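Chain and residue survey
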Amino acid sequence: MSSPVLRVRPRVWIGFAIWIAYVLVVFGVQVASGIPYDEWGDSGSNLFLGGGLSLIVATILLAITTSVLGWWRPALFEDARSHHRWPVFVPILLALTAILTLAVTDWASYDGAFFAASLVLLLVGFTEEMTSRGLMIVALRSRLSEVWVWFLSSAAFGLMHFMNFFLGQDLVPTLIQVGSAFAIGTVFYILRRTTGTLIWAMVLHAVWDFSVFAVGHGNPGPLANALGVLQMTIGILAIAVVWFTFRSTRTADADATV
């Protein structure tokens, strides 16, 4: 990967160190709040202290870390985007599903404080993407082929969600969430590769997580039950077509990464 001179040379271990630090910071702040995972949705204050505060702290620390490393550009922009652009239809499907999810959300169940706290959760689009498909991708590309970059960054994103088990979520739902996150993470990876920037993945991630959380509050409409099937289908599609995004627009990069 050709890139401008960076303040710190990318290395694989740096990417995993940042991932571990992110998980520990978010988990530590959430545990310190004293609010169980299954009680976040009870009130605006619970949601902010249980989930939102950790994202604010993580956002600040990630911004500082990225600046110190000098990795903003390679973390946010592809040096050479995917040769095949058509797989972008998968992220488009996820975006449409998010819009449908928001449409069937019981907005009447929201009060001002809860809605304001839920908006803070949009920061997850920056924090989780910068960690797993921003800084980690920069680090992984310093040594590994693009196939491994996709797999390891998506696996790290999935495993990131295992912390919910230690926050009180049952094991089986947590394992399902980890697998689902791997698949949806692949959707975000495809969006980065096809558009040439992580920014759109950050936006979609934020909207998607917000929609999934929103629809679970109050009394969702009858279509809400079908959203899980749609998510699973989109995830399977992403894994099926992600191979086509490994080839770069630059022939030299394509030969090196496929």
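In what follows, the structure referred to is the one given above.
Residues numbered from 1 in each chain as written. Predicted model: local features only at pLDDT ≥ 70, side-chain atom pairs only at ≥ 80, totals over all residues. Heavy atoms only, no water.

1. Some points on the overall build of the chain
Scanning the chain from terminus to terminus reveals 12 helices and 0 strands. When the helices and strands of the chain are listed from N to C terminus, the series reads α-α-α-α-α-α-α-α-α-α-α-α. For 258 residues, the compact-globule estimate of 2.2 N^0.38 gives 18 Å, and the chain sits close to it at 18 Å. C-alpha atoms of the chain, sized along the principal axes, occupy 55 × 35 × 30 Å. Per-residue burial over the chain gives 48% buried out of 258 residues. (Helix = DSSP H or I, 4+ residues; strand = E, 2+ residues; numbered from the N terminus. Rg over C-alpha atoms; globule rule 2.2 N^0.38 Å. Buried < 20%, exposed > 50% of the residue type's maximum accessible area, 1.4 Å probe, protein only.)

2. Regarding a negative patch on the surface
Taken together, the side chains of Asp-38, Glu-39, Asp-42 and Asp-170 make up a negatively charged region of the molecular surface. Tracing the backbone through its elements, the reader meets Asp-170 in the loop between α8 (163-166) and α9 (171-195). (Patch = residues over 30% accessible without salt bridge, like charges linked within 9 Å, V, L, I, M, F, W, Y side chains within 5 Å. Areas by Shrake-Rupley, 256 points an atom, 1.4 Å probe, with all protein chains shown as cover. Salt bridge = Lys/Arg side-chain N within 4 Å of Asp/Glu carboxyl O. Lys, Arg positive; Asp, Glu negative; His and termini not counted. Charge placed at Lys NZ, Arg CZ, Asp CG, Glu CD.)

3. Details of helix α2 (residues 44-69)
Owing to its 3.6 residues per turn, the α-helix brings residues three or four apart onto one side. The first and last C-alpha atoms of α2 sit 36 Å apart over 26 residues, in line with the 38 Å expected at 1.5 Å per residue. Helix geometry: α2 is bent most strongly at Gly-52, by close to 40°. Taken from the residues just after α2, Gly-70 is the one with a positive phi, measuring 75°. (Expected span 1.5 Å × (residues − 1). Bend = angle between axes of the 7 residues up to and from the residue.)

4. Considerations on the environment of Ala-139
Along the chain, the position of Ala-139 falls in helix α6 (residues 124-140). Ala-139 sits in the buried class, given a relative accessible area of 0%. For the pair Ala-139 and Ser-180, spaced 41 residues apart in sequence, the C-alpha separation works out to 24 Å. In contact with Ala-139, not counting residues within four places along its chain, are Pro-10, Arg-11, Val-12, Gly-15 and Trp-71. (Contact = heavy atoms within 4.5 Å.)

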